[in-house]
Structure formats: structure tokens, C-alpha cells
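Here's the letter readout for the chains.
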Amino acid sequence: MILAGDTVAPEKHDYDIHDYGRECAQLIAEIPPFNCLNGEIIPITVNGKAPETYSRHMRCDKPAYLPYPKETDGQCTPYTRVRTVRDDDIQMILYCRRMYIRPPDDPRFDSIEAIMHNVKTGSTCFFISKNFGEKPGGDDGRRVPPPTEETPPEGFISAKELWASPREVFNHGCIYCHDSDPWMHTPWIDQTAQVPSDPWGFHSVDVGGPFVNWPKPMSISTRGNSCAGCHRIGSFNTCKTQMVGDFGEQPAKMLQSIGQAPHGRFGAPKGTAYDNPDPVYTDYGLLPHGWMGARLPEVQSSLWAEYDAHIRDLQRCCEDHSAPGCIVEPIENMKRWLERADAKDKQ
């Protein structure tokens, strides 16, 4: 049995998708073979309604959060599917993204992804296909192989053919965006009820290979902070603008979520013009509070002034963890947390 926090040394051969898959299966669970077409479709709407037709690089109410390659049809491409496999002591979600416009039941997808998390121990793993929109023909998603599977049934794609290598996953920089906890909630994905939630739980990437070089996020807060009262604020891309692996420079999610990022439109490149109009819905979602929307008070209210002060406090602490009043704590797995607690008791 491998415990979270016990990094398993890779074998002498290159650490490959099978090694990574086996470690994640031991720490969390095995990803089953799955059919992308069994997932729930994430709606793409314009002014609250599904359009009669979809077009390349169109605008929509709630685009996908991740930046898509320029050669694709854009973040408002319809018929991405998502499916929660488990949401108990183990949380596991499977994504099959569309980046090119095709009929709803077309079996081809342009990125296939999985996130899995052990609620008890905190171990988290991320998987993504080699293809991230680079192949206009997509990958057949009718039987997605488990990362541990060495030989697929005849006629189906193998794990090594489909899944990105551990080094390629590392280069995507998943931990920089998933720094507060394993799960990101945006207007796009939250149109479904598929995304699990564990905002205060243990969270750590505990596998070996290149992942030992991913930095460990910290939780940023101040005493009585309203934002940190509902969820953690991770110290990487949640806190501030940051280079996020292959996706380049991304605005701070903390500010993007309330419509205050310098280029707060989802996935927009640095320098994109951004204004903050009064209407509730714009071409790019709920404003002026971004995807937090009605969960925050009106901008003109006295209560908003309190929230705004708490946001400024977080920004200050994100920039300088040692600033007065900042509370900075590790986001870690259960084993590390117990070790820290035990050491503190012995002081």
C-alpha cells in the first residue's frame, strides 16, 4: 500500500504513462475505460439560448476557461462532454473537449482529460491526451483506455497513443491553476452538476517522475477574510498573473472571477482590451462580478466596500507572503499535515 506523501521512485526506464497511471491507481483509483459520448454535454448559449447554428470563433455567454489553440474553432465550440465517475471518498471526473464544430454525436474529440482525487489522503492526479486541438480530425472517444492498460482490445487506441506522457502533463502546469484545491468551478463547467467539490480538504500531487518538481501551493488569507471564508486562495495562478506551462501567461483567477483582471475575458491573451459594463450579461459572461456574479454584493453597496478591502488584502499577501497580517499555510496531503501537527505539539 502506498500512502499519500510517499513518492514512489520511478524504475530505471523512462517514467511513462503506465508508471504514472499505476502510481495514481495505487494512491487514488483506477480510471476505467470510458466512452466520451456517455458524458453530459456542456451547453453553449448566446443571450441565454442555444443558437440555431454555431460558427468558428463565435462569442457566447459562457466560454470554456482554458485558452484553445488559435487554429481551433474557439472556446465557444459546442458539445464538450463531462462525466463524474465517482464522488465519494474518491472523486474522479472525465472531460472530452470539442474544439472543432462537429455534430453532437460525432465520436471525435479534441482533448480528453481526467482529474482524480483521494478525499481522505489528498492525493491528486491529472491526465490529458497528447492532442490538445492540434489534430483537426480529433481522437475517437468511443473507448478511452485506462492509463495503466498496456494492450487495448483490437481496433482501439492504446494508452500510450492517446495519453500525454508525464513530462507533457508536467509541461501543461496543471497545479498552477488547480492550486487552491483539485476542482475549478467556472460558469462554463458549472452549467452541469458534474464537478465535485472539496474546498477545504487535503490536496497534493504525490507521484514521482517529473511531478516531484512541481512546486507546492500555499493557502493565502487574512484574519476574517470574506473570500477565504468560502474557499481557499491558492498562492499560484489563483493569487496572481502567472506563466502557466504551455498555456502562457494567465490572469489571476481571483481577480478574473470578480471581473477585475487586466484581461479578464476567459482565455484572452495578455493586452486584450477589457471593460466592465453594467449589464448583467455580456458576450463573455456575468459582469461586473465575473463568474462570482450574484454571490457578491452590489458594487455600490457598503457591503461591497468590505469585500473590496478583503480582496486588496489578499492581493497584498499574494505579492508578499511576509506582509503584516498575512496568514500563509501549506496546502498538503494528510501525511504532511499530521507530521506538521505532531512537530508543533512537541515544541
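The preceding data block contains the structure.
Being a predicted model, the structure only gives us computed values, none of them experimental. (Residues numbered from 1 in each chain as written. Predicted model: local features only at pLDDT ≥ 70, side-chain atom pairs only at ≥ 80, totals over all residues. Heavy atoms only, no water.)

1. A short note on the nonpolar core
One finds Tyr20, Ile112, Phe127, Trp163, Val207 and Phe211 to be the most contacted residues of the largest nonpolar core, which totals 61 residues. Among the elements of the structure, helix H1 (17-27), strand E3 (90-97), strand E5 (111-118), strand E6 (124-128), helix H2 (159-162), helix H3 (166-172) and helix H4 (174-177) are those that each provide at least two residues to this core. Per-element accounting of this core gives the leading share, 6 residues, to E3. Ranked by size, the runner-up nonpolar core spans 18 residues in total, among them Ile220, Cys239, Met254 and Trp304. (Core = buried A, V, L, I, M, F, W, Y, C linked by side-chain atoms within 4.5 Å. Buried < 20%, exposed > 50% of the residue type's maximum accessible area, 1.4 Å probe, protein only. Helix = DSSP H or I, 4+ residues; strand = E, 2+ residues; numbered from the N terminus.)

2. Focus: the state of the cysteines
One pass over the full model with this rule turns up 5 disulfides. Here Cys60 pairs with Cys76 through a disulfide, and the sulfurs are 2.1 Å apart. One disulfide, between Cys60 and Cys76, carries an S-S torsion of -80 degrees and so falls in the left-handed class. Pair noted here: Cys60 is in the loop between strand E1 (40-41) and strand E2 (81-87) and Cys76 is in the loop between E1 and E2, with a separation of 16 residues, a long-range link. Comparing Cys60 with Cys76 shows no difference in burial state: the two are buried. Through a disulfide, Cys317 is tied to Cys326; the S-S separation comes to 2.0 Å. Since a negative S-S torsion denotes a left-handed disulfide, the Cys317-Cys326 link at about -85 degrees is left-handed. (Disulfide = S-S within 2.5 Å.)

Honestly, it's all geometry; don't read function into it.
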